[in-house]
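Survey of secondary and tertiary structure
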Amino acid sequence: TIPVFEHGICRFMYRRFVDPTGKGAYRYPFDIDKSNYVWGLDRPAKEYQGKIIPIHEGALDALWVRQCGIPLSTAILGSFMSEVQARKIAAADPAEVVLFFGADEAGYDATEHAGSLLQKHGIRVSYCRYTSNMGDDPATCTAKQIARAVERRKSYHHFRLASKVGRHPRIRGLMAVAQDN
């Protein structure tokens with residue numbers, strides 16, 4: 001069970017389960033619209049102000065990245081960022097948001113949409129790329145790989161340019177195999 005807090009109050013809890021085919025999935029309370037919440041954005045705003053906030057698709061990715069030494073990691077509880085979530089992130093007044101989604105088509109689309117949405121709110125946006133020796137999701141990376149990916153993050157502008165010239169294949173998306181420079 002994963003709790004979601006807002007302003008120090010537990011708003012709801014959701015569960016991860018594995019279906020009969022072995023695929024993991026999440027169950028949310030029927031009366032909750034998860035697009036109204038950002039997991040991990042539960043501290044006083046001053047703790048986020050002027051800092052770098054990594055954003056992930058799921059809370060388990062964000063938890064792993066926190067354990068790897070990046071304490072302000074958050075999650076949008078899926079692969080689509082809503083306007084409400086973007087406003088909440090903007091209200092935290094971060095210096096920069098780092099999009100660290102999965103290296104699949106959903107992660108690519110999430111980066112494309114979230115980056116555009118956050119920029120409309122005047123937020124500096126960057127993204128993490130996966131190198132050939134990494135997994136395809138933050139939870140499959142080592143602490144060292146995560147630190148390196150965040151260290152070597154690229155601007156969202158770079159993502160947009162690379163997408164236009166086809167340097168990021170759709171299935172590996174924004175996290176296309178990066179060449180070490």
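A few points on the structure. (Residues numbered from 1 in each chain as written. Predicted model: local features only at pLDDT ≥ 70, side-chain atom pairs only at ≥ 80, totals over all residues. Heavy atoms only, no water.)

**Remarks on the sheet that holds strand β7 (residues 125–127)**
A sheet is described by the order of its strands in space; here five strands give the open sequence β5-β4-β6-β7-β8, paired in mixed fashion. Of all the strands in the sheet, the pair left with one neighbour each is β5 (74–75) and β8 (154–155). As judged from the four bridges shared by strand β4 (residues 52–56) and strand β6 (residues 96–99), these two strands associate in the parallel manner. Bridging from a neighbouring strand, proline 54 pairs with valine 98 of β6. Seen against the sheet, helix α3 (residues 105–120) touches β4, β6 and β7 and runs at an angle of roughly 170° to β6. (Pairing = 2+ DSSP bridges. Helix = DSSP H or I, 4+ residues; strand = E, 2+ residues; numbered from the N terminus. Contact = heavy atoms within 4.5 Å. Axes fitted to C-alpha atoms, helices over the stretch in contact; angles between N-to-C directions.)

**Some details on the packing of aromatic side chains**
The full count for this structure, using the stated rule, is eight aromatic pairs. When the centroid spacing of 5.6 Å and the interplanar angle of 65° are considered together, the rings of tyrosine 14 and tyrosine 26 count as edge-to-face. With tyrosine 14 in strand β2 (residues 9–18) and tyrosine 26 in strand β3 (residues 24–27), the pair connects residues that are twelve residues apart, well separated along the chain. Residue class for tyrosine 14 comes out buried when judged on its relative accessible area of 2%. (Phe/Tyr/Trp six-rings, centres within 6.5 Å; stacked < 30°, edge-to-face > 60°. Buried < 20%, exposed > 50% of the residue type's maximum accessible area, 1.4 Å probe, protein only.)

**Digging into the nonpolar core**
If you look at the biggest cluster of nonpolar residues, it comprises 24 residues, and the most contacted ones within it are Ile55, Met81, Ile89, Leu99 and Leu118. Those elements that place two or more of their residues in this core are β4, α2 (83–91), β6, α3, β7 and α5 (156–164). The element best represented in this core is α3, accounting for five residues. When residues no more than four places from it in sequence are discounted, the contact partners of methionine 81 are Ile55, Ile76, Ala86, Ile89, His113, Ala114, Leu117 and Leu118. (Core = buried A, V, L, I, M, F, W, Y, C linked by side-chain atoms within 4.5 Å.)

**Looking at the environment of leucine 161**
When you line up the elements, leucine 161 lands in helix α5. Leucine 161 gets classed as partly exposed once you look at its relative accessible area, which sits at 46%. A C-alpha to C-alpha distance of 23 Å links leucine 161 and methionine 134, two positions 27 residues apart in sequence.

**So, the sheet that holds strand β1 (residues 2–6)**
Within a sheet, adjacent strands bond to each other through the backbone by hydrogen bonds, running parallel or antiparallel. Strand order in the open sheet formed by three strands is β1-β2-β3, and the pairing between neighbours is antiparallel. The sheet is open, and its two edges are formed by β1 and β3, each paired on a single side. If you compare each strand with its neighbour and ignore which way they point, the axes differ by 30° on average. Bridge count for β2 against β3 is four bridges, and the pairing is antiparallel. What sits directly across from valine 18, in β3, is glycine 24.

**Brief notes about the pairing of β2**
With five bridges connecting them, β1 and β2 associate as antiparallel partners. Counterpart to phenylalanine 5 in the pairing with β2 is cysteine 10. Taking the residues that link successive antiparallel strands as the turn, the β1-β2 hairpin has two residues, and the phi of histidine 7 there is positive, at about 55°. Taken together, β2 and the strand that follows it, β3, pair antiparallel across an intervening segment of five residues, in which glycine 22 is found at a positive phi of about 95°.

**Digging into a nonpolar patch on the surface**
On the surface, Tyr26, Leu60 and Leu63 cluster together into a nonpolar patch covering about 230 Å² of accessible area. Assignment of secondary structure puts leucine 60 in helix α1 (residues 59–67). Here leucine 60 falls in the partly exposed class, since its relative accessible area comes to 36%. (Patch = residues over 30% accessible without salt bridge, like charges linked within 9 Å, V, L, I, M, F, W, Y side chains within 5 Å. Areas by Shrake-Rupley, 256 points an atom, 1.4 Å probe, with all protein chains shown as cover. Salt bridge = Lys/Arg side-chain N within 4 Å of Asp/Glu carboxyl O.)

**A word on unusual backbone geometry**
Unlike most non-glycine residues, leucine 77 shows phi in positive territory, near 60°. Relative to the elements of secondary structure, leucine 77 occurs in the loop between β5 and α2. Within the chain, aspartate 93 stands out as a residue other than glycine whose phi angle is a positive 55°. Its location among the elements puts aspartate 93 in the loop between α2 and β6.

Purely geometric stuff here, so don't read any function into it on its own.
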